[in-house]
Amino acid sequence: MTISATLSNALSGLNVAARGAETVSQNVANALTPGYGRREIEVSARVVGTAGQGAQVTGIRRLADMVAIGDRRLAEALLADRSLRATALKRIEDAIGTPEAGASISARIADLERTLIEATSRPEAEARLSSAVDAARGLASALNAASRAVQDVRMDADAAIAASVERINSGLARIAELNGQIRSAIGAGHDASALMDQRQVEIDRLAADLPLREIDRGMGQVALYTAGGAALLDGVLPARFDFVPAGVITPDMTLASGALSGLMLNGRPAPMGEGSLLAGGALAAAFALRDTVAPSIQADLDALARDLAERFETLVPDATRGPGDPGLFTDAGGAVLAANETGLAGRLRVAAAVDPVQGGAAWRLRDGLGAAAPGPAGETRLLSGLAAALTAARAPASGSFAAGARGLSELAAEVASSVAARRLSADAEAGFAGARAQAMRQVELEGGVDTDRELQDLMAVERAYGANARVIKAVDEMIQLILGI
Amino acid sequence: MLRTGFGDLAQTLQTRHQTATIKAAAQRLGTEMTTGRPVDTPAALRGDLVPLAGIEAALSRLAGYGAVTAEAALFAEGMQAALERVNDGAMAVSSLLLASGSAAASAMIAPAAREATSAFEAAVAALNTRLGDRSLFAGVATDGPALAPARDILDAIALAAAAETTAAGVEAAVGAWFADPAGFAAQFLGGAPRAPLLLSSEDTATLAVTALDPALRDTLASLALGALIDRGTPPLPDAERGALAQRAGERLLAGQTARAELQAAVGTQEGRIAAAARRNTAETAALEIARAGLLSVDPADTATRLQATQTQLETLYAVTVRLSRLSLADFLR
């Protein structure tokens, strides 16, 4: 009996060594696979009755640092949130421009003032008047472009929400399905590690959209919650998000007006503001951009546009213009009204009367917007008045500005500064979140496959295999010896 | 924590991240080195763009005022030259008329009167001077001449004084014509005086002298007296012609003070324009220095940091190569 027991022990050793080599090869093959959790075989002594009978593989363990992964996912969500804000704000900032850049709103205001001053020197020169009109048109189009950039950011955010919701819905469905497959595999006594790798990859895909918390429910099952506590998946049925993208967005379309869709969670509205259960990821950032950040910048731009238009309406003594008529700048041709302020920056135009492009004549800049015929060629009072209207200290009638009177150029710089300051702080926060995500990913990957270590394991396996084979050879020789008697 | 391995991916990730970070820094420093400006202006200003916008707006405004002062100086100079010509003509004619007016030299009256006519024409031409596309003494109507042609003016004066028979009568009639809104003022084709011109945020210059200025009007009236003698309308006896020539000469001489004052007034404005231009230039220089203080990057500092970044990147490459060579697989034979 003992010789056959020896043979059996050696065979079990060979078996364990073969399983070990298989695991090593699996690990080495997946050394560069994202989401792959390193495998280890669990070996124990085989017991028959009360006596030991060789070794056996009791299972394959999948190793993953769940703490590092969880922290990494939260950092990734924060990173996605802040980078989305920073990118969008940078886009608006670029459209508004910094004062030293020629195409910025500030530079356009300075241009208008300069050309008006130059026109006072030679009011009879058509070229001088035309360049002042060109500068005015340039300023209007700079404001239009900034307003368009703000609305583009809102449209992109709206589209990003739709894509994000789609990703979350399909992702949660797949995770729920994988949960089911893992339960069946474990129930049947199979190795579910590959399914778990796949599930981890699926969960990672959603990490940027929502701050996720993964909770182990035993039997290989996981539940998903947001960091704020909203249940996404616990059990069989995943949560269901609904959202209707708007396509084209204009400044007057808001969540409150009903023109834009909110987010529905399981058929009920999910508030997305500050302190929302879903806050802290790209999804929440897109909502913030669409519904608060971009509209507040639009409001400032509109206030700037209104201040600009009102300066020329109220501060310039132009007798040729009727009361209530628009000044040098119009709301798409009409008078600028406080009630229509929303979106004004996008509709601001130069008065048609002075703009040769719209069939007007530049001399009206000198003689008055309502003048029927050119007046004295050397008249400068109105031109001086126009230039002075730009620098005159005036308190803006609207917008989120500190109280106090200031020139138009300062007001424009304040709008640019407020966007720049918000962008810089989002940039800094994205930097911190990025560093944190990087550190957590580093910790996670350090626990991943190390080929050197796998090769060391392989050498041990090789040695064990050789030794067991040697035992079989010895047993064979012993049996031959007996058979040869 | 018990560490039994160091994942292959961790090392790659770290190297990749470090390479990206250092390369981005090198790129930024390189751009700043070549342009001399920070890549991210708002970041360099800590998000406060108001001071920079103020400086840029002021610089742009000063560029505008630069054009204004340069042109205003040119116009003032043109006016000064025209006034000089009027005065020179008047002084030359004045001495001739005074000499001819004395009883002994009645033969000199005719040439002196001829001189007066041409001086009158020269004065009108001087007041109609155009500099580029701008008429200097026509007030706001800068696109046309200030006065009607000299012949037409003299015709109108002759008509007004046609019935006079004495020197005093002619002088009174001419004086009345020049004071009459339907007289000389009707020959003035210009407009209202020009508004003061802004030379900077505070300074103004007033180049409002028109051909209607009393000093110029009086000079023209005195020259016209001489010109009437030349025309022979109204026909006067010799004694009266002598008296008229004498009177015209005296008036031209007496008018010199008013003309000098007018020239001095324009000269004062020229001084103001020059001073404003100087102040504007100084302010521009100061603002440019302030802007450089806000926006420029220190080349020495940037170069040093670029050097350090380069060294860092080279070290990283060397370490990467070393680490990637360190593999157990290479030693298993």
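Residues numbered from 1 in each chain as written. Chains lettered and ligands numbered in written order. Predicted model: local features only at pLDDT ≥ 70, side-chain atom pairs only at ≥ 80, totals over all residues.

Trainee: Could you give an account of the overall build of chain B, naming the residues involved and the relevant values?
Mentor: Along the backbone of chain B there are eleven helices and four strands. Its C-alpha atoms give chain B a radius of gyration of 39 Å, more than 25% over the compact-globule value 20 Å for 333 residues. Once the C-alpha set of chain B is aligned to its principal axes, its extents read approximately 140 × 35 × 30 Å. Long-range pairs, those at least 24 residues apart, make up 78% of the contacts in chain B between residues at least 6 apart in sequence. (Helix = DSSP H or I, 4+ residues; strand = E, 2+ residues; numbered from the N terminus. Rg over C-alpha atoms; globule rule 2.2 N^0.38 Å. Contact = placed C-beta atoms within 7 Å.)

Trainee: Describe the overall build of chain A, and please don't skip the residues or the numbers.
Mentor: Summing up its helical and strand segments, chain A has eleven helices and ten strands in all. Since a compact globule built from 485 residues should have a radius of gyration of about 23 Å, the 36 Å found for chain A marks it as more spread out than a globular shape. Viewed in the frame of its principal axes, chain A has a C-alpha envelope of about 140 × 45 × 35 Å. Counting all 485 residues of chain A, 46% fall into the buried class. (Buried ≥ 20, exposed ≤ 12 C-beta atoms within 10 Å, placed from the backbone.)

Trainee: Explain the sheet that holds strand β3 (residues 212-218) of chain A to me, using residue names and the numbers behind them.
Mentor: Across a sheet, paired strands are connected by hydrogen bonds in the backbone, their directions being either parallel or antiparallel. All names here are of chain A. Judged by pairing direction, the sheet is antiparallel, and its three strands sit side by side in the order β3-β4-β5 without closing on themselves. Strands at the two margins of the open sheet, each flanked by one partner only, are β3 and β5 (231-233). When the angles between neighbouring strand axes are averaged without regard to direction, this sheet yields 30 degrees. For β3 and strand β4 (residues 221-226), the ladder comprises six bridges, and the chain directions are antiparallel. Across the sheet, residue Glu-214 finds its bridge partner in β4, namely Leu-224. (Pairing = 2+ DSSP bridges. Axes fitted to C-alpha atoms, helices over the stretch in contact; angles between N-to-C directions.)

Trainee: Break down the interface of chain B and chain A for me, citing the residues and quoting the values.
Mentor: How large an interface is tends to be reported as the accessible area lost when its parts come together. At the junction of the two partners, chain B supplies 48 residues and chain A supplies 51 residues. Elements that contribute at least two residues to the side of chain B that touches chain A include exactly α1 (8-35), α2 (41-44), α3 (50-101) and β3 (197-198) of chain B. If one sorts the elements of the side of chain B that touches chain A by residue count, α3(B) sits on top with 15 residues. Class assignment of the residues belonging to the side of chain B that touches chain A gives a composition of 25 nonpolar, 14 polar and nine charged. (Nonpolar A, V, L, I, M, F, W, Y, C, P; charged D, E, K, R; others polar.)

Trainee: Please set out the confidence of the model for chain A residue by residue, giving values where relevant.
Mentor: Residue-level pLDDT values for chain A average 92, and 100% of them are 70 or greater. Averaged pLDDT values over the elements of chain A bottom out at 87 in strand β2 (residues 51-63) of chain A and peak at 96 in helix α4 (residues 126-187) of chain A. (pLDDT = per-residue confidence, 0-100.)

Trainee: Could you give an account of the pairing of β4(A), with specific residues and numbers?
Mentor: All names here are of chain A. The alternating pattern of β4 places Val-222, Leu-224 and Thr-226 on a buried face and Gln-221, Ala-223 and Tyr-225 on a face that is not buried. The hairpin formed by β3 and β4 contains two residues between the paired strands, and Met-219 there has a positive phi angle of roughly 55 degrees. Counted between consecutive antiparallel strands, the loop separating β4 from β5 contains four residues, among which Gly-229 sits at a positive phi close to 110 degrees.

Trainee: Account for the sheet that holds strand β6 (residues 241-242) of chain A, with residues named and values stated.
Mentor: Residues and elements named next belong to chain A. Strand order in the open sheet formed by three strands is β6-β7-β8, and the pairing between neighbours is antiparallel. Of all the strands in the sheet, just β6 and β8 (268-270) have a single pairing partner and so form its edges. Pairing geometry for strand β7 (residues 263-265) and β8, over three bridges, is antiparallel. From the neighbouring strand, Leu-265 faces β8, where its bridge partner is Arg-268.

Trainee: Hey, could you go over the environment of A:Gly13 for me, with residue numbers and the actual values?
Mentor: All names here are of chain A. Structurally, Gly-13 is set in helix α1 (residues 2-29). Sequence separation of Gly-13 and Leu-237 is 224 residues, and the distance between their C-alpha atoms is 45 Å. Once you skip the residues sitting within four places of it in the chain, Gly-13 turns out to touch Gly-54, Ala-55, Ala-464 and Asn-468.

Trainee: Can you break down unusual backbone geometry residue by residue, with the values?
Mentor: Residue and element names in this part refer to chain A. One non-glycine residue with positive phi stands out, namely Asn-266, at about 55 degrees. Assignment of secondary structure puts Asn-266 in the loop between β7 and β8. Residues other than glycine seldom take positive phi values, yet Ala-332 does so here, at roughly 50 degrees. Tracing the backbone through its elements, the reader meets Ala-332 in the loop between β9 (329-331) and α7 (344-347). A residue is classified by how many C-beta atoms lie within 10 Å of it, and Ala-332, with 12 of them, is exposed.

Trainee: I'd like to hear about the environment of A:Val150, residue by residue, with values.
Mentor: Residues and elements named next belong to chain A. With respect to the secondary-structure elements, Val-150 resides in helix α4. Owing to 32 C-beta atoms within 10 Å, Val-150 belongs among the buried residues under this scheme. With 58 residues separating them along the chain, Val-150 and Ile-92 place their C-alpha atoms 6.0 Å apart. Non-local contacts of Val-150, meaning those with residues more than four positions away in its chain, are made with Ile-92, Ala-294, Ile-297, Gln-298 and Leu-301.

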